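Here is how the chains run, residue by residue.
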Amino acid sequence: MTKIQDGNSTSIQAAPIIQTITAAADYHATFTEMAGTDTGKNSVSIISFDAKLTDVDNTNIQSAQISLSNHPDGNKEALLILGNLPQGITASAYDYTTGTLILRGSASLASYQLALQAIRYNNASDTPTTTDRFINITISDGINSSVKEVSIISVAATNDAAVITGTSTSAIAPLRSM
């Protein structure tokens, strides 16, 4: 909460809240490595479909910061946006060195809720590290920021099929029986 004094009056501003309607306090999903070439189709949501944003004294959110706190596979990991963001919200490019994606723009709580639901975790590594990833989400109404919510993404590796590469330019003589 923040006190704002305006000459003769004082108002208290409450921080926005990310509420999850499910029984678990934190969201947990599993990302499974795609065999072969990664297309992003196996990316997973970073927030529950039933998560709800609330702010008792503001109807708009100004920004959201989404950070992948551990990213052992470096630039193979990303937070990406599936589809289009709601009107009024723009996204920074994902910074793989810091693991951060920032949403900006004054928009309704419902619009930011949709924007957060459009963000996905993806890992294009052929041999991803299988430790859990922690995604920190904070929203701000321009005065106060919410308490950090944490989403957990488990990473499951798959055994890619063996591939024969290279070509032969020499002719192979047939085997003759003796």
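Counting of residues starts from 1 at the beginning of each chain's written sequence and follows it residue by residue. Where totals are concerned, whole chains, interfaces and linings use all residues; where local detail is concerned, this predicted model gives features only for residues with pLDDT of at least 70, and gives and counts side-chain atom pairs only at 80 or more. Based on all heavy atoms of the structure, the side-chain values leave hydrogens and waters out of the count.

(A) Quick look at the overall build of the chain. Only DSSP runs of H or I covering at least 4 residues are called helices, and only runs of E covering at least 2 are called strands; the numbering of each starts at the N terminus. A tally of helices and strands in the chain yields one helix and 13 strands. The linear arrangement of helices and strands in the chain, starting from the amino end, is β-β-β-β-β-β-β-β-β-β-α-β-β-β. Burial status follows relative accessibility: with a 1.4 Å probe on protein chains alone, a residue under 20% of its type maximum counts as buried, one over 50% as exposed, and anything between as partly exposed. The 178 residues of the chain split such that 35% are buried. In the chain, once contacts between residues fewer than 6 apart in sequence are set aside, the share between residues at least 24 apart is 70%. Here a residue-residue contact requires only that any non-hydrogen atoms of the pair lie within 4.5 Å.

(B) Structural detail: the nonpolar core. By nonpolar core is meant a set of buried Ala, Val, Leu, Ile, Met, Phe, Trp, Tyr and Cys residues that side-chain atoms within 4.5 Å join together. One finds Ile-46, Ile-66, Leu-79, Leu-103, Leu-116, Tyr-121 and Ile-135 to be the most contacted residues of the largest nonpolar core, which totals 28 residues. Elements that contribute at least two residues to this core include exactly strand E4 (27-32), strand E6 (51-54), strand E7 (60-68), strand E10 (100-108), helix H1 (109-117), strand E11 (119-123), strand E12 (133-140) and strand E13 (149-156). Setting aside anything within four residues of it in sequence, one finds Tyr-121 in contact with Phe-31, Ser-43, Val-44, Ile-46, Leu-68, Glu-77, Ala-78, Leu-79, Arg-133, Ile-135, Ile-153 and Val-155.

(C) Region of interest: the environment of Phe-31. Mapped onto the fold, Phe-31 is located in strand E4. Excluding residues that lie within four positions of it along the chain, Phe-31 makes contacts with Asn-42, Ser-43, Val-44, Tyr-121, Asn-122, Asn-123, Ile-153, Ser-154, Val-155 and Ala-156.

(D) Region of the structure containing the packing of aromatic side chains. Pairing of aromatic side chains requires ring centres within 6.5 Å, counting the rings of Phe and Tyr and the six-membered ring of Trp. Pairs whose planes differ by under 30 degrees are stacked, by over 60 edge-to-face, and all others tilted. Taken as a whole and assessed by the stated rule, the structure comprises one aromatic pair. For the pair Phe-31 and Tyr-121, a centre-to-centre distance of 5.4 Å together with 90° between the ring planes defines the contact as edge-to-face. With a gap of 90 residues between them, Phe-31 in strand E4 and Tyr-121 in strand E11 connect regions that are remote in the sequence. Here the two residues Phe-31 and Tyr-121 agree in accessibility, since each one is buried.

(E) Expanded view of the sheet that holds strand E5 (residues 44-45). Two strands pair if DSSP finds at least two bridges between them. Taken in spatial order, the three strands of this open sheet run E5-E11-E8, and their pairing is antiparallel. If you trace the sheet from one side to the other, it starts and ends with E5 and strand E8 (77-81), each paired once. Looking at chain direction, E5 and E11 are connected through two bridges and run antiparallel. Among the inter-strand pairings, Ser-45 is bridged to a residue of E11, identified as Arg-120.

(F) Summary view of H1. Of all the positions in H1, only Leu-109, Ser-111, Tyr-112, Ala-115 and Leu-116 are classed as buried. Here the buried residues of H1 occupy an arc of 160° about the axis, which is enough to place them on one side. The inward-facing, buried residues of H1 contact E6, E7, E10, E11 and E12. Here, the arc refers to the directions that run from the helix axis to the C-beta atoms.

(G) Spatial organisation of the confidence of the model for the chain. A residue's pLDDT is the confidence the predictor assigns to it, expressed on a 0 to 100 scale. Scored by pLDDT, the chain comes out at a mean of 83, with 78% of its residues at no less than 70. For the chain, the element scoring lowest by mean pLDDT is strand E1 (residues 2-6), at 45; strand E9 (residues 90-91) scores highest, at 98. Between residues 1-6, whose pLDDT stays under 50, and residues either more than four places distant or in other chains, the model counts 18 contacts. Every residue in residues 19-24 is under pLDDT 50, and counting partners more than four places away or in other chains gives 11 contacts.

(H) Representation of the environment of Ala-107. Note on placement: Ala-107 falls in strand E10. Accessibility expressed as a relative area gives 6% for Ala-107, which makes it buried. For Ala-107 and Thr-59, which are 48 residues apart along the polypeptide, the C-alpha to C-alpha distance reads 8.3 Å. Ignoring sequence-local partners within four residues, the contact set of Ala-107 consists of Thr-59, Asn-60, Ile-61, Gln-87, Ile-89 and Tyr-112.

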